[in-house]
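Report on the structure
Listed below, chain by chain, are the residues.
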Amino acid sequence: MPQWRKIIGALIQNNLPLDNVDVRALIRMAAYQTGNLSGHEQVEAIWHSELQENGVLVNDLLELLGAFAERLKTTPRDHASFPLLAELAAFIAQYAQPDLRLAYRDVAIGWASDIATSLATSKAFQLR
């Protein structure tokens, strides 16, 4: 269980360079690792049981990912962290609501709209 707590703690403390290839790989490995399987009639990944059983942990992760999405709306310079955060939002959507994939979609749409507006008002773009 401490793996997800450590990931959440590092995200809260902003200690992880989310644009770093190695950091992204480690977080993805934690999310998609199968690990040990239960021996029950319906086989389940024991590694992810903490996400299914621990509402506080999942809610903390949802709250954190929601806060990151809100911050990203106004800080497109942090675009390098977007793919990993959006992927984590999609991953956690299988365990809890609200579905934050829509929030990350809205961030991307907002950025695209801002770029389109900037290009439309740019003199260099108008000269072409």
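Just so you know, these numbers come straight off a predicted model, no measurement behind them.

This paragraph deals with the overall build of the chain. Secondary structure summary: the chain contains 7 helices and 0 strands in total. Listing every helix and strand of the chain by position from the N terminus yields α-α-α-α-α-α-α. Looking at the chain as a whole, 34% of its 128 residues qualify as buried. Residue pairs in contact within the chain that sit at least 24 positions apart in sequence constitute 60% of those at least 6 positions apart. Carbon and sulfur atoms provide 56% of the accessible area of the chain, an area that totals close to 8,200 Å².

A few words now on the nonpolar core. Ranked by size, the top nonpolar core spans 31 residues in total, and within it Trp4, Leu11, Leu65 and Tyr104 carry the most contacts. Where this core is concerned, the elements lending two or more residues are α1 (2-12), α2 (21-32), α4 (55-74), α5 (82-92) and α6 (101-121). With 9 residues, α4 is the single largest residue contributor to this core. Those residues in contact with Leu65 that lie beyond four places of it in its chain are Leu85, Leu88, Ala89, Ile92, Leu100 and Tyr104.

The next point concerns α5. The buried fraction of α5 is high, at 8 of 11 residues. All of the buried residues along α5 are Phe82, Leu84, Leu85, Ala86, Leu88, Ala89, Phe91 and Ile92.

Next up on the list: the packing of aromatic side chains. For the structure shown, the criterion picks out 4 aromatic pairs. Taken together, a centroid distance of 5.8 Å and an interplanar angle of 55 degrees make the contact between Phe82 and Tyr104 tilted. One end of the pair, Phe82, is in helix α5; the other, Tyr104, is in helix α6, with 22 residues separating them in the sequence. By the burial criterion, Phe82 is buried, and Tyr104 matches it. Plain terms: the ring middles of Phe82 and Trp111 are 5.4 Å apart, the flat faces sit at 55 degrees to each other, and that makes the pair tilted. One end of the pair, Phe82, is in helix α5; the other, Trp111, is in helix α6, and 29 residues separate them in sequence.

A separate point is the packing of α2 against α5. Running from amino to carboxyl end, α2 crosses α5 at an angle of 5 degrees, the nearest separation of the two axes being 11 Å. Judged on the interaxial angle alone, α5 and α2 are roughly parallel. Contacts between α2 and α5 involve Arg24, Ile27, Arg28, Ala31 and Tyr32 on the former and, on the latter, Leu84, Glu87, Leu88 and Phe91. Its residues assigned to classes, the contact of α2 with α5 shows 6 nonpolar, no polar and 3 charged.

A word on α6. Taking 1.5 Å of rise per residue, the 21 residues of α6 would be expected to cover 30 Å, and the 30 Å separating its terminal C-alpha atoms lies within 8% of that figure. Buried residues of α6: Tyr104, Val107 and Trp111, and no others. Across the axial projection of α6, the buried residues extend over an arc of 50 degrees, all falling on one side. Across from the buried face of α6, at angles greater than 90 degrees, the exposed residues are Ile109 and Thr121. Structurally, α6 contributes buried residues whose contacts are with α4 and α5.

Conventions and cut-offs
- Residues numbered from 1 in each chain as written.
- Predicted model: local features only at pLDDT ≥ 70, side-chain atom pairs only at ≥ 80, totals over all residues.
- Heavy atoms only, no water.
- Helix = DSSP H or I, 4+ residues; strand = E, 2+ residues; numbered from the N terminus.
- Buried < 20%, exposed > 50% of the residue type's maximum accessible area, 1.4 Å probe, protein only.
- Contact = heavy atoms within 4.5 Å.
- Areas by Shrake-Rupley, 256 points an atom, 1.4 Å probe, with all protein chains shown as cover.
- Core = buried A, V, L, I, M, F, W, Y, C linked by side-chain atoms within 4.5 Å.
- Phe/Tyr/Trp six-rings, centres within 6.5 Å; stacked < 30°, edge-to-face > 60°.
- Axes fitted to C-alpha atoms, helices over the stretch in contact; angles between N-to-C directions.
- Parallel < 35°, antiparallel > 145°, perpendicular 65-115°, else oblique.
- Nonpolar A, V, L, I, M, F, W, Y, C, P; charged D, E, K, R; others polar.
- Expected span 1.5 Å × (residues − 1).
- Arc of directions from axis to C-beta.

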